[in-house]
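Each chain, written out:
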Amino acid sequence: MAESSGCGCCCKCCLRLIISIGVLSLIVWLTLRADTPKCSIQYFYLPALNKTLNTPKNNTLLFELRLQNTNKDKGVYYDALNLTFYDNPNRSLSHIIGTYTIPAFYQGHQKKAKRRESVKVNNTLVLGSGLTNGPPVFRVDLATAVRFKNIFWKWKSKRHKLVVAANVEVNEQGVKVNKKGIKLKSGAPENGYCDRAQVGVLLGLMVLVLLNFR
Ligand SMILES: *[C@@H]1O[C@H](CO)[C@@H](O)[C@H](O)[C@H]1NC(C)=O
Ligand SMILES: *[C@@H]1O[C@H](CO)[C@@H](O)[C@H](O)[C@H]1NC(C)=O
Ligand SMILES: *[C@@H]1O[C@H](CO)[C@@H](O)[C@H](O)[C@H]1NC(C)=O
Ligand SMILES: *[C@@H]1O[C@H](CO)[C@@H](O)[C@H](O)[C@H]1NC(C)=O
Ligand SMILES: *[C@@H]1O[C@H](CO)[C@@H](O)[C@H](O)[C@H]1NC(C)=O
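Procedures and definitions
Residues numbered from 1 in each chain as written. Chains lettered and ligands numbered in written order. Predicted model: local features only at pLDDT ≥ 70, side-chain atom pairs only at ≥ 80, totals over all residues. Heavy atoms only, no water. Salt bridge = Lys/Arg side-chain N within 4 Å of Asp/Glu carboxyl O. Helix = DSSP H or I, 4+ residues; strand = E, 2+ residues; numbered from the N terminus. Buried < 20%, exposed > 50% of the residue type's maximum accessible area, 1.4 Å probe, protein only. Near = heavy atom within 4 Å. Polar contact = N/O pair within 3.5 Å; in protein donor to acceptor, adjacent residues only side chain to side chain. Nonpolar A, V, L, I, M, F, W, Y, C, P; charged D, E, K, R; others polar.

### Re the pattern of salt bridges
Thinking step 1. Under the defined criterion, the tally for this structure stands at 7 salt bridges.
Thinking step 2. Note that R116 and E64 form a salt bridge whose closest N and O atoms lie 3.1 Å from each other. Of this pair, R116 sits in strand β8 (residues 112–120) while E64 sits in strand β3 (residues 60–68), and the two are 52 residues apart along the sequence.
Thinking step 3. Here R91 makes a salt bridge to D141, at a shortest N to O gap of 3.1 Å. A residue pair is termed long-range when its members are at least 10 positions apart, and R91 in the loop between β5 (81–86) and β6 (96–102) and D141 in strand β9 (residues 137–150) qualify at 50 residues.
Thinking step 4. Using a relative accessible area of 53% as the deciding quantity, one classes R91 as exposed.
Thinking step 5. Ionic contacts of the salt-bridge type, sharing partners, join the residues R91, R139 and D141 into one network.

Following this line, the structure appears as structure tokens:
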């Protein structure tokens, strides 16, 4: 220590410490924060509503769900994905027409998964949808929880709820009107996660290291 003459040095050290902690916090936050997976309905077909086919007794729903992990350095552990299909977008008027569960799975960083599945639905409700006003519009709810794994540090985050929904309008052939995929969205405007506990632990460690090496 060359400059050991009192207050000036101390202030400089303090400032350096504060700036270091600031920069580290930013790095820690950038490392730990995670983007929510993007979920969309790519395909939706109710043969019972295909007017050309004319098979109103066919109670199949064919759908394709796409799940995309956009994180560059995090894998996603999905809990079982609960899908619920309703006959109306309006929550206070709708009835469940069918449910489907996709088993839990792991998705690597920057990976896409597509699941094309079929589910038996309540055709009384399917055929009733849209009879009163305009074309039939259905609702798809997706409820699951996800954990993120940092691929470098192997750290697993805690579980975060992922609850999203989309409205799907179908045409005279029983197929969804939108040519593009329909994004499932949450009511809340949240689109990323960061575990406060992890940030706290990591910052604490870094401050200790900084204090020791000064
Ligand atoms: C609807 O039925 C018609 C007649 O069978 C068929 O040609 C058409 O491909 C069906 N639509 C879809 C989306 O499968
Ligand atoms: C219902 O329609 C689907 C799609 O066209 C078809 O694959 C399936 O065999 C039909 N089911 C019955 C019971 O007719
Ligand atoms: C849903 O239906 C209820 C009851 O008919 C109605 O009061 C409400 O305005 C509807 N909500 C929407 C968003 O259409
Ligand atoms: C379909 O829904 C209607 C109306 O909610 C109900 O009365 C009927 O029992 C349901 N059918 C089946 C097979 O669940
Ligand atoms: C999904 O459904 C299962 C079985 O009903 C249930 O135990 C689980 O809590 C559900 N998950 C979510 C996120 O709602």
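### Some points on the site of ligand 1
Thinking step 1. Every residue near ligand 1 is listed here: Y45, N50, T52, L53, Q173 and V175.
Thinking step 2. Note that an oxygen atom of ligand 1 is positioned 2.4 Å from one of the side-chain N or O atoms of N50.
Thinking step 3. For the shell around ligand 1, the residue count by class is 3 nonpolar, 3 polar and no charged.

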